[in-house]
Amino acid sequence: MNTLNADLHCHSVVSDGTLTPEALAERAKSQGVTLWSLTDHDEIGGQARAAAAAAACGMDYLTGVEISVTFLHQTVHIVGLGFDADNSALMAGLQRTRGGRAQRAQEMADDLARVGIKGTFDGALKYVGNPNLISRTHFARYLVEAGVCKDTYEVFRKYLTEGKPGFIEHRWANLKDAVQWITQAGGMAVIAHPARYKFSANEELALFTEFKGHGGLGVEVVTGSHSAAEAATYAASALEFELAASRGSDFHSPGESRTELGALPDLPGQLTPVWELLADRIQHAPKVN
Ligand code: AMP
Ligand code: MN
Ligand code: MN
Ligand code: MN
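The rules we used
Residues numbered from 1 in each chain as written. Chains lettered and ligands numbered in written order. Predicted model: local features only at pLDDT ≥ 70, side-chain atom pairs only at ≥ 80, totals over all residues. Heavy atoms only, no water. Core = buried A, V, L, I, M, F, W, Y, C linked by side-chain atoms within 4.5 Å. Buried < 20%, exposed > 50% of the residue type's maximum accessible area, 1.4 Å probe, protein only. Contact = heavy atoms within 4.5 Å. Donors = N, O, S within 2.8 Å, 3.2 Å for Na, K, Ca; no water. Pairing = 2+ DSSP bridges. Helix = DSSP H or I, 4+ residues; strand = E, 2+ residues; numbered from the N terminus.

Colleague: Could you clarify how one ought to interpret the nonpolar core in this entry?
Modeller: Across soluble globular proteins, nonpolar side chains have a tendency to be buried as a group. In this structure, Ile67, Ile78, Val221 and Val274 are the most contacted members of the largest nonpolar core, which totals 51 residues. Leaving out residues up to four positions away in the same chain, Ile67 has contacts with Asp42, Val76, His77, Ile78, Leu94, Ala173, Ala178, Trp181 and Ile182. Core analysis: the next-biggest nonpolar cluster, separate from the first, contains 17 residues, Ala50, Ala51, Ala54 and Phe251 among them.

Following this line, the structure appears as structure tokens:
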């Protein structure tokens with residue numbers, strides 16, 4: 001008996017998770033994951049460690065990344081799977097995408113100070129595992145520590161999001177560039193957690209149509225960010241747009257994440273799983289006797 005438990009979306013200390021790639025691999029394995037991918041935000045510096053850790057604990061591995069894109073004035077996340085992690089155009093593109101984060105973080109801290117919350121830049125820095133990747137999540141952790149909010153969910157309801165203190169509009173990568181960096185590195189581009197965006201029906205149609213036009217091939221259907229109803233909605237979209245379907249927890253931290261690694265419903269049966277199209281990109285764990 002060997003049911004595939006794929007978890008193709010999570011974060012380590014290389015971006016805004018709290019576990020190392022090695023600790024995540026062990027946790028995924030102990031939760032029954034058999035095919036895993038580490039998808040840090042805008043950064044593939046953890047890939048070699050993740051692949052080695054997956055092999056050491058007997059899990060198949062796909063390289064992964066989650067790229068921040070600006071599309072119609074919103075931030076959209078594009079997951080890349082199964083690319084060549086040494087590809088220089090991908091690495092250069094990601095480096096450019098990360099570039100504005102320090103300046104943005106300073107402006108976020110200034111905006112929080114404006115409403116009386118001081119010291120958040122240094123506070124957030126304490127939580128940063130990778131100096132090139134200071135993110136809203138690190139600010140959220142500090143705002144909890146400082147007693148401003150009881151948990152990070154409350155932070156994202158009251159701060160750091162559009163129209164709230166600490167939100168700074170930012171220009172990320174272009175959709176076309178992100179899809180092409182991934183695809184030209186031999187990987188598959190996947191629209192992450194589509195239910196999270198606040199697009200009108202027409203805007204969402206534009207996202208799916210342009211994504212496909214640039215060579216995108218997949219969409220997350222079952223994710224820690226979707227309700228069962230949302231998964232059903234995007235299962236229908238996957239069929240309508242002839243996209244392969246992905247599955248991933250978006251796990252960040254044992255204390256914060258509501259969805260555990262690998263603890264997700266199966267993909268609806270009529271969909272084509274992304275791992276079928278990526279079969280020759282999977283790094284297989286050595287067989288143990
Ligand atoms: P950044 O890349 O700096 O904009 O940070 C985005 C990260 O904030 C996401 O990847 C999530 O980890 C975290 N986050 C958690 N809840 C929310 C939310 N409601 N809205 C936006 N980001 C959130
Ligand atoms: Mn995140
Ligand atoms: Mn995301
Ligand atoms: Mn994510």
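Colleague: Looking at this model, I keep getting lost on the coordination of the manganese ion (ligand 3). Mind explaining?
Modeller: By definition of the ideal shapes, a tetrahedral metal site with four donors has angles of 109.5 degrees and an octahedral site with six donors has angles of 90 or 180 degrees. Donor atoms from the polypeptide that bind the manganese ion (ligand 3) are Glu66 (OE), His77 (ND1) and His193 (NE2), placed at 2.1 to 2.2 Å. Of the residues examined, Glu66 reaches a relative accessible area of 0% and is grouped as buried.

Colleague: Quick question: what am I supposed to make of the sheet that holds strand S2 (residues 35–36) here?
Modeller: Backbone-to-backbone hydrogen bonds join strands into a sheet, with any given pair of strands oriented parallel or antiparallel. Taken in spatial order, the 3 strands make up an open sheet running S1-S2-S3, and their pairing is parallel. Edge positions in the open sheet fall to strand S1 (6–7) and strand S3 (60–61), since each of these has one partner strand only.

Colleague: Even after reading the chapter, I still don't get the side chain of Thr259, so can you show me in this structure?
Modeller: Relative to the elements of secondary structure, Thr259 occurs in the loop between strand S8 (244–248) and helix H11 (274–277). Among residues more than four places away in sequence, those in contact with Thr259 are Gly224, Ser249, Phe251 and Leu264.

Colleague: Is there a simple way to think about the coordination of the manganese ion (ligand 2) in this case?
Modeller: Within the protein, the atoms that donate to the manganese ion (ligand 2) are Asp16 (OD), His41 (NE2) and His252 (NE2), at distances of 2.1 to 2.2 Å. Ordering the donors of the manganese ion (ligand 2) by residue number gives the pattern D-x24-H-x210-H. The manganese ion (ligand 3) is placed at 5.6 Å from the manganese ion (ligand 2). With a gap of 211 residues between them, His41 in the loop between S2 and helix H2 (47–57) and His252 in the loop between S8 and H11 connect regions that are remote in the sequence. Looking at His41, the relative accessible area reads 8%, which means it is buried.

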